[in-house]
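A look at the structure
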Amino acid sequence: MVLPADRRDDLHTGAETSMSALALHTLIQTQRLLLRWARNPVTLLETLIIPCLLLIMLNTVIGGQIEKFTGDSALYGSVPMVALVAALSGAVAGGILLGRERDAGLLARFWVLPVHRASGLASRVLAEGCRIFVCALAVVLVGFLLGFRFHQGVAATIVFLFIPVLFGLAFATIVTAVAVFTAKATLVEGITILTSLMMFFSTGFVPLQAFPKWIQPVVHNQPMSVAVDSMRALAYDGTLARPLTLTFAWSLGAIVLFAVPAAIGYRRASRR
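Since this is a predicted model, take the numbers as computed values, not measurements. (Residues numbered from 1 in each chain as written. Predicted model: local features only at pLDDT ≥ 70, side-chain atom pairs only at ≥ 80, totals over all residues. Heavy atoms only, no water.)

As a further point, take the overall build of the chain. Check the secondary structure of the chain and you find 13 helices and zero strands. Taking 2.2 N^0.38 as the reference for a compact globule, 272 residues should give roughly 19 Å; the C-alpha atoms of the chain span a radius of gyration of 20 Å, in line with that estimate. Expressed as lengths along the three principal axes of its C-alpha atoms, the size of the chain is roughly 65 × 35 × 35 Å. Within the span of the chain, comprising 272 residues, buried residues form 47% of the whole. In the chain, of all internal contacts separated by at least 6 residues, the share reaching a separation of at least 24 is 80%. Carbon together with sulfur atoms contributes 71% to the accessible area of the chain, which is approximately 13,400 Å² in total. (Helix = DSSP H or I, 4+ residues; strand = E, 2+ residues; numbered from the N terminus. Rg over C-alpha atoms; globule rule 2.2 N^0.38 Å. Buried < 20%, exposed > 50% of the residue type's maximum accessible area, 1.4 Å probe, protein only. Contact = heavy atoms within 4.5 Å. Areas by Shrake-Rupley, 256 points an atom, 1.4 Å probe, with all protein chains shown as cover.)

Listed below in structure tokens is the structure:
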């Protein structure tokens, strides 16, 4: 039996509000999410296996042609792009699981437990960050086996790995806002169409000069392209200031714009 929202609030008199409780409950729920994702074959397939296979396929099919066209290894574009695609794919999978937990009443059950109410959303952010970082490491490892190398030092390597996390968390914020406000998982899954377009029309897929001139400004400035360009510059060579600034602008802008709707929607979904 599911109680009305106001009745559940009455029962929730033991809710924790301290910072120590927030930290503890966030860690516990983060562990729960990571274990659930690790045991979900679809999530593992979409976030880890498919991106690594995609990188191998791209390097095998078009890597040589791109190297002939540019004179540089195609891995310095494809490795960043695939790391970003893995982050976006995992965010969509996480949004679908969130919708299922809402429909199954799991979020409502957590709402009446004596836990810090902010820990639910905070744990999803932390779990997403951990998942994206692991996926980025996996993609970089496969790229390393194919010939990818870091040439700009340790600090640049750390920033390189941080960009997919920031980019993925921004996209996860958008997906969360969509997932908690709609009852249809197909709407969340439809976001994959957008991610596919971003991938194929990015500078990580083929060099900017290979696109028709009329679409080059769009490709050059879209979120995935500027992130790829930033990661290429951090790993190999190229202009860093402009793409890195745009990457932070796109990512932080999405977080600021969708964080409040995501929090409100998560709270409303938990009180159903």
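Once you've had a look at it, read on.
Moving on, we come to the packing of aromatic side chains. For the structure shown, the criterion picks out seven aromatic pairs. Between F148 and F160, the ring centres sit 5.9 Å apart and the planes meet at 40°, which makes this aromatic pair tilted. Residue F148 is found in the loop between α7 (119–146) and α8 (154–181), and its partner F160 is found in helix α8; the two are separated by 12 residues along the sequence. You can call F148 buried: its relative accessible area is 0%. Through a chain of ring-to-ring contacts, the aromatic side chains of Y76, F148, F150, F160 and Y236 assemble into a single cluster. (Phe/Tyr/Trp six-rings, centres within 6.5 Å; stacked < 30°, edge-to-face > 60°.)

Together, L45, I49, I50, L53, I56 and L146 make up an exposed nonpolar region whose accessible area comes to about 490 Å². With five residues, helix α3 (residues 41–61) is the largest single contributor of residues to the nonpolar patch. The topology assignment puts L146 in helix α7. (Patch = residues over 30% accessible without salt bridge, like charges linked within 9 Å, V, L, I, M, F, W, Y side chains within 5 Å. Salt bridge = Lys/Arg side-chain N within 4 Å of Asp/Glu carboxyl O.)

All right, on to the state of the cysteines then. Considering all chains together, one arrives at zero disulfides under this definition. No disulfide involves C52; its sulfur sits 8.0 Å from the nearest other cysteine sulfur, which is in C135. This cysteine, C130, is not joined by any disulfide, and C135 carries the nearest cysteine sulfur, 11 Å off. (Disulfide = S-S within 2.5 Å.)

Put simply, the chain has an average pLDDT of 84, and 91% of its residues get 70 or more. The weakest mean pLDDT in the chain belongs to helix α1 (residues 5–11) at 44; the strongest belongs to helix α12 (residues 223–235) at 95. Here residues 1–13 scores under 50 on pLDDT; set against residues more than four positions off or in separate chains, the count is 20 contacts. (pLDDT = per-residue confidence, 0-100.)

A separate point is the nonpolar core. By size, the foremost hydrophobic cluster in this structure holds 40 residues, and its most contacted members are V79, M81, F148, F160 and M224. Counting residues per element, the ones that place at least two in this core are α3, α5 (75–103), α7, α8, α10 (191–200) and α12. The element that contributes the greatest number of residues to this core is α5, accounting for 12 residues. In this structure V79 touches L55, V139, V140, G143, F148 and F160, once residues within four positions along its chain are discounted. Residues L98, L107, A179 and A269 belong to the second largest nonpolar core, which totals six residues. (Core = buried A, V, L, I, M, F, W, Y, C linked by side-chain atoms within 4.5 Å.)

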